[in-house]
Amino acid sequence: MEAVLRNPFLPKKQAVIFALKGVIAMAMALTVALFLNLDRPYWALVSAVFLQIRPESGLVAEKALCQIVGTVIGGLFGILLLTQLISYPYLALGILGLWLGINSTLSALVRQTNFIYGFAMAAVTAEIIVLLVIASPTTVSSQAVFSIAQSRMSEIIIGSICAGIVSHLFWPVKVKNGLQIQAKSLINQTLNYLVTELNIQGSHEERHQQIDGILATLGAVNEDSSAVRYEGPKGPGRARAANQLSQKVLSLLALIQIFGRLQRSHTKLMSPLLTQLFTQLKQVLANIAQANSVDDCIEQVKNLRRELTEYRANNSSELPFESHMLNVSVDITTELTVLLRAYRALEERDTRLLNAPSTVTYRDPLAAIIVGFRTVMVFFIGACIWVSTGSPAAIMIMILPVIFSIMLARFPLIVLRVVLKRIMIGVVVASFVSIFYALNLLAYSGGQLEILILVLAGPYFIGLLLLADRETLPYGLGFCIPFSILVSPSTDMSRAFSIDYTLSAAMAIFTGVAILFWVFHLITGPSAQLLVHRIFKATHQDLLDINKHSAPIVWYNQRMADRLLRLTHYDQGSQSRAITDLALTALNLGHAAVRLRSVCENVAGKDLKYFALWQHALADAFLLASKGQVDQRFKHACDALYQELVCILGESQQVEAIQGMFMRINLTFERSANSIKTPNSLL
């Protein structure tokens with residue numbers, strides 16, 4: 001409540017600018033909709049409100065594009081459905097519910113909020129068109145169906161275009177600015193984490209807090225990288241640089257685990273050379289974190305890489321672990337160099353932009369089907385209430401809750417409780433403001449556009465101030481959208497001035513959100529334990545397939561980024577954080593498999609008999625570790641491949657380094673299986 005009172009009375013400058021832009025966009029959308037004589041201009045206002053949630057130009061452009069495409073698809077489906085089934089309204093409602101479920105299911109298979117919103121618009125546009133036609137069966141004709149569909153699509157598209165224009169012309173905010181800040185924060189977080197991993201005094205809680213922060217920032221960078229491509233000709237290059245930066249952060253997380261776990265769990269293997277190596281790495285990373293320019297950072301990393309490469313070439317170690325760790329150290333410096341170059345390309349518009357694909361969303365069909373089923377249940381509960389009461393206002397029970405069901409599906413239940421409660425509070429406040437302020441004043445306005453805008457500007461401005469703050473965003477969302485629907489600004493205000501309809505619509509909106517609240521509670525979806533097992537099983541398959549791709553590390557990082565974010569989210573309530581550790585192990589194993597294949601092919605060719613067996617054993621051993629089990633098949637596969645390499649190459653330094661890798665991975669599986677079996681682990 002402190003934030004709710006602070007934002008309207010002591011707003012920040014950015015919030016005031018955000019609210020002014022929103023009011024201008026809404027006034028523009030309302031003016032255009034009224035000029036075109038559209039009968040429900042408030043849908044243009046609702047459309048403009050949704051586009052204000054993230055005001056950056058690239059994000060607004062991307063969301064507007066998704067909204068327009070989704071609106072057109074939904075409108076065409078609505079027309080098709082009505083032309084075929086207008087004589088069978090109950091069957092039409094059933095097919096419409098199926099359409100909503102399909103779009104809701106598909107929305108759960110994407111990660112970016114704007115793409116989710118596109119599916120929501122495809123669902124809701126068809127829903128609005130079909131319900132409004134079925135609500136007036138006596139006036140139904142082919143021309144009426146097309147007219148209603150054209151009007152609804154036009155209103156929503158007008159809101160999108162007006163919000164996009166205002167975003168670009170008035171106090172424009174660029175995604176690139178926020179992306180650069182996030183990228184810098186991500187690099188600093190990663191460097192601090194690398195230092196913590198190398199520090200024997202670092203605590204378990206500190207490491208995992210840093211991992212959580214890195215992955216959260218990584219998710220934000222990945223989301224914004226898709227929108228920055230809409231910001232001018234340099235946008236696609238910045239998107240590629242951001243993707244490259246994300247790739248290298250994941251690679252560093254994969255590599256640094258080896259050092260940290262070796263220090264903490266296997267101190268007997270720490271030779272004087274490794275101790276010196278760790279100290280040198282930690283010092284260089286600390287210096288980079290404090291450096292004033294990217295060029296200085298790159299130069300320090302290059303110097304360290306040169307020293308390590310020269311030392312590896314001029315000194316032969318008899319210890320497998322030392323050879324392996326020297327190789328890993330060189331790999332870390334290589335990844336750091338590319339990471340810093342990617343940041344420079346993002347910050348300084350470097351013409352030598354690095355290229356990398358964006359991350360891939362982890363798609364779990366089971367979880368997506370539950371999301372779709374939940375949306376269908378919300379719709380059918382609302383449809384039953386509408387059919388049984390026959391109230392035109394009851395249509396609102398089905399519309400807004402469907403949008404919220406799709407948009408909020410990825411939030412955990414504990415967050416959803418708070419969000420939906422705050423949305424309901426916003427609905428209640430919007431009802432009082434609509435009846436006792438807006439409609440009361442508009443009754444004396446004579447239908448003039450200027451007075452209409454002046455009366456509505458104040459409530460919208462306050463609602464948008466709440467919308468500008470993440471903490472109070474649900475209050476603003478719950479206020480602005482119901483306020484637009486309840487006031488229903490138009491040249492003919494007769495429907496809104498009918499107090500019985502306005503009260504019924506307010507009750508319907510509140511009831512719909514309350515139904516959604518309980519549906520989320522009753523249909524919670526698969527358990528976290530089941531979802532974690534399904535992610536690990538998918539990772540097991542990727543470990544089998546990783547070497548079938550032309551750029552295996554890039555392919556694997558693409559697929560692991562979203563999985564890491566989900567696994568750490570599921571695991572945050574655990575004290576041991578065993579799931580997070582195992583997820584990082586999975587990331588490292590993919591890199592180890594690719595590196596081993598590269599080394600084996602360089603020194604022994606592609607015809608190794610036991611490499612494919614080793615790769616299958618690696619994937620199986622990981623899956624067993626996720627269940628708290630260990631067997632000896634992976635160790636036997638390592639021994640077989642090692643003996644084959646010895647027969648071909650003899651006991652060379654490279655073969656000894658490979659043996660060191662095998663020793664380290666076997667120790668990792670034993671430790672991971674033991675941690676999974678602890679009582680407070682999620683699994």
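I will try to describe carefully the structure that is included in this document. The residue count restarts for each chain, going from 1 along the sequence in the order it is written. Only residues with pLDDT of 70 or above have their local features reported here, since the model is predicted, and side-chain atom pairs are shown and tallied only from 80 upward, although totals for entire chains, interfaces and linings are computed over all residues. Based on all heavy atoms of the structure, the side-chain values leave hydrogens and waters out of the count.

1. Brief notes about the overall build of the chain
Phase 1: Helix numbering and strand numbering both begin at the N terminus, where a helix is a DSSP run of H or I of at least 4 residues and a strand a DSSP run of E of at least 2. Helices and strands together make up the secondary structure of the chain, namely 26 helices and zero strands.
Phase 2: Using C-alpha atoms as the atom set, the radius of gyration is obtained and then compared with a globule rule of 2.2 Å times the number of residues to the power 0.38. Its C-alpha atoms give the chain a radius of gyration of 29 Å, within 12% of the compact-globule value 26 Å for 683 residues.
Phase 3: Oriented by its inertia axes, the alpha-carbon framework of the chain measures out at about 95 × 50 × 40 Å.
Phase 4: Relative to its 683 residues, the chain shows a buried fraction of 57%.
Phase 5: Of the contacts made within the chain by residues no fewer than 6 positions apart, 80% connect residues no fewer than 24 positions apart.
Phase 6: If you sum the accessible surface of the chain, you get close to 28,400 Å²; carbon and sulfur atoms cover 60% of it. In this scheme, a residue with accessible area under 20% of its type's maximum is buried, one over 50% is exposed, and one in between is partly exposed, where area comes from a 1.4 Å probe on protein chains only. The contact rule is simple, with two residues in contact once any of their heavy atoms fall within 4.5 Å. Only the protein chains shown count as cover for residues, and the accessible areas themselves come from Shrake-Rupley with a 1.4 Å probe.

2. Focus: the environment of cysteine 297
Phase 1: Residue placement: cysteine 297 occurs in helix H12 (residues 294-314).
Phase 2: Sequence separation of cysteine 297 and histidine 208 is 89 residues, and the distance between their C-alpha atoms is 26 Å.
Phase 3: Not counting residues up to four positions away in its chain, the partners in contact with cysteine 297 are Ile288, Ala291 and Leu340.

3. Notes on the packing of helix H1 (residues 2-9) against helix H17 (residues 449-467)
Phase 1: Axis lines are fitted through C-alpha atoms, for helices just across the contact stretch, and the angle between N-to-C directions can take any value from 0 to 180 degrees. At a minimum axis distance of 9 Å, the contact between H1 and H17 shows a crossing angle of 125°. In terms of axis orientation, H1 runs oblique to H17. Crossing of H1 over H17 shows right-handed handedness. Facing Val4, Asn7 and Pro8 of H1, the residues of H17 in contact are Ile462, Leu465 and Leu466.
Phase 2: Each residue gets one of three labels, nonpolar for Ala, Val, Leu, Ile, Met, Phe, Trp, Tyr, Cys and Pro, charged for Asp, Glu, Lys and Arg, and polar for the others, Gly among them. Here the residues of the contact of H1 with H17 sort into five nonpolar, one polar and no charged. Orientation labels follow simple angle bins: below 35 degrees gives roughly parallel, above 145 gives roughly antiparallel, 65 to 115 gives roughly perpendicular, and whatever is left gives oblique. Here a crossing is taken to be left-handed if its near helix is turned anticlockwise relative to the far helix by less than a right angle, and right-handed if that turn runs clockwise.

4. Re the side chain of arginine 152
Phase 1: Here arginine 152 shows up in helix H7 (residues 142-169).
Phase 2: Overall, arginine 152 belongs to the buried group, its relative accessible area being 2%.
Phase 3: Those residues within four positions of arginine 152 in sequence are excluded, and the remaining contacts are Asp39, Arg40, Trp43, Ile128, Ile129 and Leu132.

5. Here's the deal with a nonpolar patch on the surface
Phase 1: Residues qualify for a patch when their relative accessible area is over 30% and they have no salt bridge, like charges being joined within 9 Å and the nonpolar side chains of Val, Leu, Ile, Met, Phe, Trp and Tyr within 5 Å. The term salt bridge refers to a side-chain nitrogen of Lys or Arg lying within 4 Å of a carboxyl oxygen of Asp or Glu. A grouping of Leu20, Ile161, Ile165, Leu169, Phe170 and Trp171 is seen on the molecular surface, where their side chains present a nonpolar patch of about 540 Å² in accessible area.
Phase 2: A per-element tally of the nonpolar patch places H7 first, with three residues.
Phase 3: Among the structural elements, isoleucine 165 can be located in helix H7.

6. Things to note about empty space enclosed by the protein
Phase 1: Think of a 1 Å grid over the protein atoms and nothing else: a 1.4 Å probe that fits but is trapped marks a cavity, an open set flanked by protein within 12 Å on at least five of seven lines marks a pocket, and residues with an atom within 4 Å of a point count as lining. Grid points are joined across faces, edges and corners, and a volume is the space filled by probe spheres set on the points. As enumerated under the stated definition, the model contains four cavities of 30 Å³ or more in all.
Phase 2: Approximately 80 Å³ is the volume attributed to the second largest cavity.
Phase 3: Every residue along the wall of the second largest cavity is listed here: Val23, Met26, Ala27, Leu30, Leu45, Leu452, Ile453, Leu456, Ala457 and Tyr460.
Phase 4: For the lining of the second largest cavity, the class distribution of residues is ten nonpolar, no polar and no charged.

7. Re the nonpolar core
Phase 1: Among buried residues, the Ala, Val, Leu, Ile, Met, Phe, Trp, Tyr and Cys ones that are joined through side-chain atoms within 4.5 Å form a nonpolar core. Counting residues in hydrophobic clusters, the biggest one holds 108 residues, and the most contacted among them are Leu245, Phe259, Leu596, Trp614, Phe634, Ile665 and Phe669.
Phase 2: With 14 residues, helix H23 (residues 578-604) is the single largest residue contributor to this core.
Phase 3: For leucine 596, the contacting residues outside a window of four places in its chain are Phe611, Trp614, Leu641, Ile658, Met661 and Phe662.
Phase 4: Counting 105 residues, the second largest nonpolar core, distinct from the first, contains Val23, Leu30, Val124 and Met493.

The values are spatial; any link to function lies outside them.
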